[in-house]
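# Survey of secondary and tertiary structure
Listed below are the residues making up each chain.
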Amino acid sequence: MNKKLEHKKVFGGYPKFKKELNELVVSLEQKHYLERKVKFLLEIRGYLKTNKLFGNYIEFGSYRSEMQYAAFKILSQSTGIEHFVGLDTYIGEPTKNRMDNKLNLFDAEGDFGCQFDKVKEFVDKNMNGKGVVIQGDFRDKSVLKKLDKYKQIAVSVIDCNLLSSIESAFNYTIKNIVDGGIIYFDDFFYNIKISNELNKLMKKANVNFIEHSFYPPFGKSYLVIRK
Ligand SMILES: C[S@@+](CC[C@H](N)C(=O)[O-])C[C@H]1O[C@@H](n2cnc3c(N)ncnc32)[C@H](O)[C@@H]1O
């Protein structure tokens, strides 16, 4: 059947079209706020396994440890991930610097505050000794120092909104990630200024990046290949 005839046959009038479109939108709509992150974790599981990547999962900006727990659930059985580490201030977004202020970032100082003790209790009880939470501003070297024990990185999740925080997480990751390790940026496409700044950071890094996937609305992942 040629394309014109096919189209005539499928189109059953506007009322039917509107109903079908509504159903299509509902079926394609995101069902849970963690959906893109869970998809990412499910999609890297096979890659980590077949490439025998050993190291740790590090999440820069782990908030209530929800994605961190999802990572533990999805990756701890079948991959070589040893520890699942989350870093956060736990008092919310830290102070922005001049660069952050120029980028029209969406949230304000103190957004995403949560209780460290409650998060730690959840992680200690539910992650089989493999969960770690580190409190503090990771733009500060003394906080990154606490990662020393876990610095062989297999998966780095950078989900910390401020460019100054993303930059610090990125630089630490590039220094310590294993060959073939994966970086997930949750805010890559949040606005074109951030995309542009991240592109600049990636160009400066002395490694090769292979595009991995896109997790709408803003997430993007890359494989990091050492030169
Ligand atoms: C969008 S939330 C993270 C959500 C989390 N990854 C999840 O999937 O549930 C961003 C977090 O980054 C944290 N953050 C931003 N900059 C930081 C920094 N320099 N040091 C520590 N935490 C930071 C904030 O406190 C906030 O909790």
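Quantities reported herein were computed from a predicted structural model and do not represent experimental measurements.

## Examining the site of the ligand
Not every one of the 23 residues close to the ligand is listed here, only the nearest: Gly61, Met67, Phe112, Cys160 and Ser165. Those elements giving two or more residues to the shell around the ligand turn out to be α4 (66–75) and β2 (80–88).

## Looking at the pairing of strand β1 (residues 54–60)
Across the seven residues that make up β1, a large majority, six, are buried. Sheet topology places β1 next to β2; six bridges connect them, and they run parallel. Bridge pairing links Glu59 to Gly86 in β2. For the handedness criterion, the β-α-β arrangement of β1, α4 and β2 is classed as right-handed. Strand direction decides the pairing type here: β1 and strand β4 (residues 153–158), joined by five bridges, are parallel. By the bridge assignment for β4, Ile58 is matched with Ser156.

## With respect to helix α2 (residues 14–28)
Here α2 is 15 residues long and its end C-alpha atoms lie 21 Å apart, about the 21 Å a rise of 1.5 Å per residue gives. With zero of 15 residues buried, α2 is to be regarded as a mostly surface element.

## Remarks on the nonpolar core
Counting residues in each nonpolar core, the largest one holds 48 residues, and the members touching the most others are Tyr57, Phe60, Val155, Ile158 and Ala169. Considering each element in turn, this core owes the most residues, six residues, to helix α8 (residues 163–176).

## Some thoughts on the sheet that holds strand β7 (residues 219–226)
Strands sit in the order β3-β2-β1-β4-β5-β7-β6 across an open sheet of seven strands; the sheet is mixed. Two strands close off the open sheet at either side, each with one partner strand: β3 (131–135) and β6 (207–215). On average, each strand axis in the sheet is inclined to that of its neighbour by 20 degrees, with strand direction left out of account. Of the pairings in the sheet, the one linking β4 to strand β5 (residues 177–185) comprises five bridges and is parallel in character. Along β5, the bridge assignment pairs Ser156 with Ile183.

## Here we look at the domain arrangement of the protein
Taken as a whole, the protein is organised into domain 1 (1–30) and domain 2 (31–226). Computed from C-alpha atoms alone, the centre-to-centre distance between domain 1 and domain 2 is 40 Å.

## What to know about the packing of helix α3 (residues 35–50) against α4
Interhelical geometry of α3 versus α4 gives an angle of 35 degrees and a closest axis separation of 10 Å. For the element pair α3 and α4, the recorded crossing hand is right-handed. In contact with Lys37, Val38, Leu41, Leu42, Arg45 and Leu48 of α3, α4 contributes Met67, Ala70, Ala71, Ile74 and Leu75. Looking at side-chain class alone, the contact of α3 with α4 contains nine nonpolar, no polar and two charged residues.

Calculation rules
Counting restarts for each chain: residues are numbered from 1 in the order of the written sequence. At least 70 in pLDDT is required for a residue's local features to be given in this predicted model, at least 80 for side-chain atom pairs to be given and counted, and no such filter applies to totals for whole chains, interfaces and linings, which use all residues. All residues are tested the same way: a C-beta atom is placed from the backbone, and lying within 6 Å of a molecule or strand makes the residue near it. Think of it this way: any DSSP run of H or I at least four residues long counts as a helix, any run of E at least two long counts as a strand, and we number them from the N terminus. Burial is judged by counting the other C-beta atoms within 10 Å of a residue's own C-beta: 20 or more makes it buried, 12 or fewer makes it exposed, and any count in between marks it as partly exposed, with every C-beta position built from the backbone. Whether two strands pair depends on DSSP finding at least two bridges between them. By convention a crossover is right-handed if, when the strands point away from the viewer, the path from the first strand over the helix to the second runs clockwise. One less than the number of residues in a helix, times 1.5 Å, gives the span that helix is expected to have. Each nonpolar core reported here comprises buried Ala, Val, Leu, Ile, Met, Phe, Trp, Tyr and Cys residues connected via C-beta atoms within 7 Å. The axes used here are C-alpha line fits, helices contributing only the stretch in contact, and every angle between their N-to-C directions lies in the interval 0 to 180 degrees. Where each domain starts and ends follows an automatic or database-derived domain assignment. Crossing handedness follows the turn of the near helix against the far one: under a right angle anticlockwise gives a left-handed crossing, and clockwise gives a right-handed one. Contacts here follow a simple rule: the backbone-placed C-beta atoms of the two residues must lie within 7 Å. Under the scheme applied here, ten amino acids are nonpolar (Ala, Val, Leu, Ile, Met, Phe, Trp, Tyr, Cys and Pro), four are charged (Asp, Glu, Lys and Arg), and all others, including Gly, are polar.

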